[in-house]
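Chain residues, written in single-letter form:
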Amino acid sequence: MTLRGRTALITGGGGPLGRAFALALADAGARVLLVGRNERALAEAAAKVGGAARTAVCDVSDPASVQALSVELADEDVSLLVNNAGVAGPVKPLTDIEPDEWDDVFAANVRGVYLMCRAFLPPMIAAGRGDIVNVASVSGKRPLLNRTPYTASKMALLGLTRTLAGEVGPQGIAVNSLSPGPVRGPRMDRNFRLTAELTGCTVQEAEHDFASRAALGRLVEGHEVARALVAMLAMPGLCGADIDLSAGMIAPA
């Protein structure tokens, strides 16, 4: 698989999964643009990728920030948009969740995808080619107790993906989603800690309970998710699809 000559824009580029995506896409020949809110994290990620990487600071939930980014990158031929930015949100029962907490999750996980697609789709449509991959979650397809804002936002993202695929597919743009299961890293460590605090179990018990729900009995690794992204781009007939990479965590517990 070669992506030589293509430019990929990755939101959430300063996080572990964003870095994994950048490394995999750069290895496949793409020039990568790492976008996020944390300038230092972006710089560290770009350093790992090397000369194929460029960074830009942007809050994807803010229309003005996204518009400024599109102006800044007007000379870039972005033909691959990876909407990876997102937040995990609170870990507590729905009745304890404040409206601002709910809105913050949807702002990052759904509104941000809408704004990025709205800004970067027109040049793809004009060129008659492009790929958009929205990073959803297996949690948008199965229950995840005490995580209602997150699961609802990821289910919304699946609906956005399928509908947008129908809108722009005839114009040569493939829109798909990639749904990882729990990816080993700081975000899941935080979730396990909060679950332990909420339920009274240990952090190790929270992780074991979660991982045991997967057919393979484990979490997935960032590099596995990144390889899945590159594999999706090697399937030119893929459009309006969701790829599950969850170690088999697809059925309700």
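Preceding block: the structure.
So, here is what we can say about the structure in this document. (Residues numbered from 1 in each chain as written. Predicted model: local features only at pLDDT ≥ 70, side-chain atom pairs only at ≥ 80, totals over all residues. Heavy atoms only, no water.)

Points about the pairing of strand β2 (residues 31–36)
Here's step 1: Most of β2 sits inside the fold, with 5 of its 6 residues counted as buried.
Here's step 2: Where strand β1 (residues 7–11) meets β2, 5 bridges bridge the pair, whose relative direction is parallel. Residue Ala8 lies in a different strand from β2, and its bridge partner there is Val32.
Here's step 3: In this fold, the crossover linking β1 to β2 by way of helix α1 (residues 16–27) has right-handed handedness.
Here's step 4: Examined bridge by bridge, β2 and strand β3 (residues 53–57) share 5 bridges and lie parallel to one another. Following the sheet pairing, Gly36 is matched in β3 by Val57.
Here's step 5: Handedness of the crossover is the feature at issue here: the chain leaves β2, passes through helix α2 (residues 39–49), returns alongside β3, and the resulting connection is right-handed. (Buried < 20%, exposed > 50% of the residue type's maximum accessible area, 1.4 Å probe, protein only. Helix = DSSP H or I, 4+ residues; strand = E, 2+ residues; numbered from the N terminus. Pairing = 2+ DSSP bridges. Right-handed = clockwise from strand over helix to strand, strands pointing away.)

Description of the nonpolar core
Here's step 1: With 44 residues, the main nonpolar core has Ile10, Phe21, Leu25, Val32, Leu34, Val82 and Leu178 as its most contacted residues.
Here's step 2: One finds Leu9, Met124, Ala136 and Ile173 within the second-largest nonpolar core, a separate group that totals 29 residues. (Core = buried A, V, L, I, M, F, W, Y, C linked by side-chain atoms within 4.5 Å.)

Considering helix α4 (residues 99–127)
Here's step 1: Compared with the 42 Å implied by 1.5 Å per residue over 29 residues, the 41 Å span of α4 between its first and last C-alpha is a close match.
Here's step 2: Roughly 40 degrees is the biggest bend found in α4, and it falls at Ala107.
Here's step 3: Backbone geometry just downstream of α4 places Gly128 in the positive-phi region, at approximately 75 degrees. (Expected span 1.5 Å × (residues − 1). Bend = angle between axes of the 7 residues up to and from the residue.)

A few points about a negative patch on the surface
Here's step 1: Together, Asp96, Glu98, Asp100, Asp103 and Asp104 make up a negatively charged patch on the protein surface.
Here's step 2: In this fold, Glu98 is placed in the loop between β4 (78–83) and α4. (Patch = residues over 30% accessible without salt bridge, like charges linked within 9 Å, V, L, I, M, F, W, Y side chains within 5 Å. Areas by Shrake-Rupley, 256 points an atom, 1.4 Å probe, with all protein chains shown as cover. Salt bridge = Lys/Arg side-chain N within 4 Å of Asp/Glu carboxyl O. Lys, Arg positive; Asp, Glu negative; His and termini not counted. Charge placed at Lys NZ, Arg CZ, Asp CG, Glu CD.)

Regarding the pattern of salt bridges
Here's step 1: One pass over the full model with this rule turns up 12 salt bridges.
Here's step 2: Between Asp131 and Arg6 there is a salt bridge whose closest N-O contact spans 2.9 Å. Here Asp131, found in strand β5 (residues 130–135), pairs with Arg6, found in the segment before β1; they are 125 residues apart in sequence, far enough to count as distant.
Here's step 3: The closest approach of N and O atoms between Arg40 and Glu44, which form a salt bridge, is 3.3 Å. Of the two residues, Arg40 and Glu44 both sit in helix α2, 4 residues apart, roughly one turn of that helix.
Here's step 4: Judged by its relative accessible area of 65%, Arg40 falls in the exposed class.
Here's step 5: Exposure remark for Glu44: the relative accessible area of 42% places this residue in the partly exposed category.
Here's step 6: When salt bridges with common partners are traced through the structure, they connect Arg31, Arg54, Glu72 and Glu76 into a single cluster.

As for the packing of α1 against α2
Two numbers describe a pair of packed helices, the interaxial angle and the distance between the axes.
Here's step 1: Where α1 meets α2, the axes come as close as 9 Å, and the angle between the chain directions of the two elements is 30 degrees. As far as their axial angle goes, α2 and α1 are roughly parallel. Where α1 crosses over α2, the handedness of that crossing is right-handed. Residues Arg19, Ala22, Leu23 and Ala26 of α1 pack against Ala45, Lys48 and Val49 of α2.
Here's step 2: Residue composition of the contact of α1 with α2, grouped by class: 5 nonpolar, no polar and 2 charged. (Axes fitted to C-alpha atoms, helices over the stretch in contact; angles between N-to-C directions. Parallel < 35°, antiparallel > 145°, perpendicular 65-115°, else oblique. Left-handed = near helix turned anticlockwise from the far one by under 90°. Contact = heavy atoms within 4.5 Å. Nonpolar A, V, L, I, M, F, W, Y, C, P; charged D, E, K, R; others polar.)

Focus: α1
Here's step 1: Here α1 contains 12 residues, and its C-alpha end-to-end distance of 17 Å stays within 8% of the 16 Å for a straight helix at 1.5 Å per residue.
Here's step 2: Where α1 is concerned, the buried positions are Leu17, Gly18, Ala20, Phe21, Ala22, Ala24, Leu25 and Ala26.
Here's step 3: Directly beyond the C-terminal end of α1, a positive phi value near 105 degrees is found at Gly29.

Re the sheet that holds β5
Here's step 1: Here 7 strands make up an open sheet; going across it, the order is β3-β2-β1-β4-β5-β6-β7 and the pairing parallel. The open sheet is flanked by β3 and β7 (242–245), the only strands paired with a single partner. Ignoring which end each strand starts from, the neighbouring axes of this sheet average 20 degrees apart.
Here's step 2: Sheet topology note: the β4/β5 ladder contains 4 bridges and is parallel. Considered in β5, the bridge of Leu80 is made with Asp131.
Here's step 3: Taken strand by strand, helix α8 (residues 222–233) contacts β4, β5, β6 (173–180) and β7, and its axis lies near 155 degrees from that of β6.

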